[in-house]
Amino acid sequence: GYHYIPKNGLFFYANMGMRKGGASQVYDGVNVNWNMQYADVDIGLGYMLNKRQLKPYFSAAPYFGYMLKGDQTVGNNSLDIKQEKSMKTTDFGLIFSPGLKIALSSYVACYAEYKYILGLENLETATGQKTYNRAYSFNLGVAITIEKRKLSIPTMLPKNGRTVKNYLENKE
């Protein structure tokens, strides 16, 4: 993902990724399992306390998900829930993420983050049934800072007294 963190602690981020989810239960002595895979996009805001190397933060974002694959198994029978259209293929909701970023240098940090996904879309296509995506994860990672720098023409010129005009026109 992309994070933009100005000096005041507020930050903006955008992520695109994939998640796998599912559920299982026993109903009348029969095992029922769901396995789904989603492509997700989320764009959010957060706040990070800048305490030297330790930087706790909290962020929140709406998300949109599209089901790439979905299977339901009832006993020994399998069903492609995407092909059968027994569940909606789109999902939306909110993501909440408290975390801790630990700066190892000016450009490298590691982080630990808890993420809670609160789906707001009823995924069932049948009336009278309700299913929502609810998930949590614990993430560990490494963040690398990439800065945009401006080049100045004098640093690109040789130090022999040539002018910018002569240098660019290849005179001298």
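Just above sits the structure.
The rules behind each value
- Every chain begins its residue count from 1, and numbering advances along the sequence as written.
- Local features in this predicted model are restricted to residues of pLDDT 70 or higher, and side-chain atom pairs are both shown and tallied only at a pLDDT of 80 or more, whereas totals for entire chains, interfaces and linings draw on every residue.
- Excluding hydrogens and water, the side-chain values take into account all heavy atoms of the structure.
- The numbering of helices and of strands both runs from the N terminus, where a helix is a DSSP run of H or I of at least 4 residues and a strand a run of E of at least 2.
- A simple rule labels every residue: compare its accessible area, found with a 1.4 Å probe on the protein chains alone, to the largest value its type can have, and call it buried under 20%, exposed over 50%, or partly exposed in between.
- Between two residues, a contact is recorded if the distance between any of their heavy atoms is within 4.5 Å.
- Only the protein chains shown count as covering a residue, and every accessible area follows the Shrake-Rupley method with a 1.4 Å probe.
- Any two strands are treated as partners once DSSP identifies two or more bridges connecting them.
- Aromatic contacts are taken between Phe, Tyr and Trp rings whose centres are within 6.5 Å, Trp giving its six-membered ring; a plane angle under 30 degrees counts as stacked, one over 60 as edge-to-face, and the others as tilted.
- N or O atoms within 3.5 Å of each other form a polar contact, as long as, within protein, one can give a hydrogen and the other can take it, and as long as residues adjacent in sequence are counted only when both atoms are side-chain atoms.

Peer 1: Quick rundown of the overall build of the protein? Include the residues and the values.
Peer 2: Check the secondary structure of the protein and you find two helices and eight strands. In the protein, the succession of α and β elements from N to C terminus is β-β-β-β-β-β-β-β-α-α. Residues counted as buried form 25% of the 172 residues belonging to the protein. Taking the contacts inside the protein whose residues are at least 6 apart along the sequence as the reference set, 55% of them involve residues at least 24 apart. By element, 57% of the accessible surface of the protein is carried by carbon and sulfur atoms, the whole surface being about 12400 Å².

Peer 1: Which residues make up the pairing of strand β2 (residues 10-27), and what values do they have?
Peer 2: The side chains of a regular strand alternate between the sheet's two faces. Where strand β1 (residues 2-4) and β2 come together, three bridges link them in antiparallel fashion. Residue pairing in the sheet places Tyr2 in a bridge with Ala14 of β2. Linking β1 to β2, which pair antiparallel, is a turn of five residues; within it Gly9 sits at a positive phi near 100 degrees. Between the end of β2 and the start of strand β3 (residues 30-48), which pair antiparallel, lie two residues, with Asp28 showing a positive phi angle near 50 degrees.

Peer 1: Give me the packing of aromatic side chains: which residues, what numbers.
Peer 2: Tallied over the full model, the rule gives three aromatic pairs. Ring plane angle 80 degrees and centroid distance 6.1 Å describe the contact between Phe11 and Tyr57, whose orientation is recorded as edge-to-face. Of this pair, Phe11 sits in strand β2 while Tyr57 sits in strand β4 (residues 54-74), and the two are 46 residues apart along the sequence. Judged by relative accessible area, which is 4%, Phe11 ranks as buried. Judged by centre distance (6.4 Å) and plane angle (20 degrees), the ring pair of Tyr114 and Tyr136 falls under stacked. Here Tyr136 lies in strand β8 (residues 134-144) and Tyr114 lies in strand β7 (residues 108-119), a separation of 22 residues in the sequence. Ring pairing ties together the aromatic residues Phe11, Tyr13 and Tyr57, which thus form one cluster.

Peer 1: Can you break down the environment of Gly119 residue by residue, with the values?
Peer 2: Take Gly119: it is sitting in strand β7. With 26 residues separating them along the chain, Gly119 and Gly93 place their C-alpha atoms 4.2 Å apart.

Peer 1: Break down the side chain of Arg19 for me, citing the residues and quoting the values.
Peer 2: Its place among the elements puts Arg19 in strand β2. Residue classification places Arg19 among the buried positions, given a relative accessible area of 15%. A distance of 2.4 Å separates the side chain of Arg19 from the side chain of Asp40, its partner in a polar contact. Among the polar contacts made by the side chain of Arg19, one reaches the side chain of Asp91 at a distance of 3.2 Å. Every residue in contact with Arg19, bar those within four places of it in the chain, is listed here: Met36, Gln37, Tyr38, Asp40, Tyr63, Asp91, Ile117 and Asn133.

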